[in-house]
Amino acid sequence: MGSITDIHGIEVGHYTDKGARTGCTVVLCKNGAVGGVDVRGSAPGTRETDLMRGYNSVQRVHAIMLSGGSAYGLDAASGAMQYLEERGIGENVGVGVVPIVPGAVIFDLAVGDSRTRPGKAEGYAACLNAADSTPVGAVGAGTGATVAKAFGMEYAVNSGVGTACVELEGGVKVGAIAVVNALGDIYDPATGELVAAANIDGKMTPCMGSSALGQASFGNTTIGVVATNAKLTREEANKLAAMAHDGLAMTIRPVHTSLDGDTFFAMSTGELEYPLLPVLIAGVRAVSMAILDAVRNA
């Protein structure tokens, strides 16, 4: 299935607290990348998303921080800023550099120690662990991730972090990493197979059409990054982030609910010229594969 780190210049690092069932995951691009974002869920926890819109002046990002800990976990991005500043990486503002580190969080406080949340030190540690390989499953921001929660947490299924990469002609690659903490069930869009649903009496019980959806509670969100070495403008990167959500819709049912904070970022390292549409379609596929990878490796 490949990895988002198959794209030259992209590194991923995890900080994992198995005891507290939380952690954070950083996607680094030390040379900078054109960034985009799309927030679809109604209960998001995000940082620095406004500056990635097409009408603002900052063009490039240097890392994306994905974290557990609900809104508390947004502090982890400060650790990435420290890590990058120490290496002289960031937006040159004349008196130094300001690293641009957007981020998003999942709600995992109900599955582990709710008093333990990733912060600056944990975000810094994730950066120190960054490499061009990507452990998957219950690691990093996905340590406390679960899916299929419509019937209650007692029937939920463990999830985690997953990644995938699609290669196009001429060496163009589109990769994704996803932290899957969804309310909904997980399906394989290629086969229609139900991959994960509530475990009730030892059987997978899908939630679609069930009255249980009327009793579902907060604590859900799928977040991630789709990256490419194709050259994109910021507006095109925002479109890539928007279409990434099609990968969620193909794989997670239901998705983008009032109880989810689904957010996807896009990064373009800009190495190769390539038509936009095939890149967008590859992004959808990479995201859906990354979601399946997360659940199957948890």
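Higher on the page you've got the structure.
Residues numbered from 1 in each chain as written. Predicted model: local features only at pLDDT ≥ 70, side-chain atom pairs only at ≥ 80, totals over all residues. Heavy atoms only, no water.

Draft legend 1. Structural context of the packing of aromatic side chains. Going through the model one piece at a time under the given rule, you end up with one aromatic pair. With 6.0 Å between their ring centres and 75° between their planes, Tyr 83 and Tyr 124 make a pair best called edge-to-face. Taken together, the residues span a long stretch of sequence, with Tyr 83 in helix H1 (residues 76-86) and Tyr 124 in helix H2 (residues 120-128) at a distance of 41 residues. Positioned over the ring face of Tyr 83 is Arg 87, at 3.7 Å from the centre of the ring. When the ring centre of Tyr 72 is taken as reference, the NZ or CZ atom of Arg 117 above it lies at 3.6 Å. (Phe/Tyr/Trp six-rings, centres within 6.5 Å; stacked < 30°, edge-to-face > 60°. Helix = DSSP H or I, 4+ residues; strand = E, 2+ residues; numbered from the N terminus. Lys NZ or Arg CZ within 6 Å of the ring centre and 35° of its normal.)

Draft legend 2. Broad picture of the pattern of salt bridges. For the structure on display, the rule yields seven salt bridges. Across the pair Lys 30 and Glu 11 runs a salt bridge, and its minimum N-O distance is 3.3 Å. A residue pair is termed long-range when its members are at least 10 positions apart, and Lys 30 in strand E2 (residues 22-39) and Glu 11 in strand E1 (residues 11-17) qualify at 19 residues. Under the relative-accessibility criterion, Lys 30 is labelled partly exposed at 31%. For Asp 113, the salt bridge is made with Arg 115, and the minimal N-O distance between the two is 3.3 Å. You can call Asp 113 partly exposed: its relative accessible area is 27%. Judged by relative accessible area, Arg 115 falls into the exposed class, the value being 70%. (Salt bridge = Lys/Arg side-chain N within 4 Å of Asp/Glu carboxyl O. Buried < 20%, exposed > 50% of the residue type's maximum accessible area, 1.4 Å probe, protein only.)

Draft legend 3. Highlighting the packing of helix H3 (residues 234-251) against helix H4 (residues 276-296). Running from amino to carboxyl end, H3 crosses H4 at an angle of 40°, the nearest separation of the two axes being 8 Å. When the interaxial angle is binned, H3 and H4 end up oblique. As H3 runs across H4, the sense of the crossing is right-handed. Facing H3, whose interface residues are Glu 236, Lys 239, Leu 240, Met 243, Ala 244, Asp 246, Gly 247, Leu 248, Met 250 and Thr 251, H4 presents Leu 276, Val 279, Leu 280, Gly 283, Val 284, Val 287, Ser 288, Ile 291 and Leu 292. Of the residues belonging to the contact of H3 with H4, the class tally is 12 nonpolar, four polar and three charged. (Axes fitted to C-alpha atoms, helices over the stretch in contact; angles between N-to-C directions. Parallel < 35°, antiparallel > 145°, perpendicular 65-115°, else oblique. Left-handed = near helix turned anticlockwise from the far one by under 90°. Contact = heavy atoms within 4.5 Å. Nonpolar A, V, L, I, M, F, W, Y, C, P; charged D, E, K, R; others polar.)

Draft legend 4. Quick peek at the environment of Val 12. Within the element layout of this structure, Val 12 appears in strand E1. Accessibility expressed as a relative area gives 1% for Val 12, which makes it buried. Once the C-alpha coordinates of Val 12 and Pro 44 are considered, the two residues, 32 residues apart in sequence, prove to be 22 Å apart. With residues up to four places along the chain from it excluded, the contact list for Val 12 reads Ile 4, Thr 5, Thr 25, Val 26, Val 27, Asn 129, Ala 130, Ala 131, Ser 133, Thr 134 and Ile 177.

Draft legend 5. Focus on the nonpolar core. Among the nonpolar cores identified, the biggest contains 39 residues, and Val 180, Ile 186, Val 226, Ile 252, Val 287 and Ile 291 are the most heavily contacted of them. Elements with a contribution of two residues or more to this core: strand E10 (161-167), strand E11 (173-181), strand E13 (194-196), strand E16 (221-230), H3, strand E18 (263-272) and H4. When residues of this core are assigned to their parent elements, the largest contribution, 12 residues, is made by H4. Non-local contacts of Val 226, meaning those with residues more than four positions away in its chain, are made with Val 174, Gly 175, Ala 176, Leu 240, Ala 244, Phe 264, Phe 265, Ala 266, Met 267, Gly 283 and Val 287. Grouped together as the second largest cluster of nonpolar side chains are 27 residues, Ile 100, Ile 106, Ile 177 and Val 179 included. (Core = buried A, V, L, I, M, F, W, Y, C linked by side-chain atoms within 4.5 Å.)

Draft legend 6. Looking closely at H4. Under the 1.5 Å per step criterion, the end-to-end length of H4 is 31 Å for 21 residues, consistent within 8% with the ideal 30 Å. Counted residue by residue, H4 has 15 buried out of 21 residues, so it is predominantly covered. (Expected span 1.5 Å × (residues − 1).)

Draft legend 7. Up close: the pairing of E16. Burial of E16 is extensive: 10 of the 10 residues sit out of reach of the surface. Of the two faces of E16, both are covered, the one formed by Thr 221, Ile 223, Val 225, Ala 227 and Asn 229 as well as the one formed by Thr 222, Gly 224, Val 226, Thr 228 and Ala 230. In this structure, E11 lies alongside E16, joined through eight bridges in antiparallel fashion. Within E16, the residue paired with Val 180 across the bridge is Thr 222. Pairing of E16 with E18, which is carried by seven bridges, proceeds in the parallel orientation. Its bridge partner lying in E18, Thr 228 is registered against Ser 268. (Pairing = 2+ DSSP bridges.)

Draft legend 8. Geometry of the pairing of strand E4 (residues 60-67). Most of E4 sits inside the fold, with seven of its eight residues counted as buried. With three bridges joining them, E4 and strand E7 (residues 103-105) adopt parallel strand pairing. What sits directly across from Leu 66, in E7, is Ala 104.

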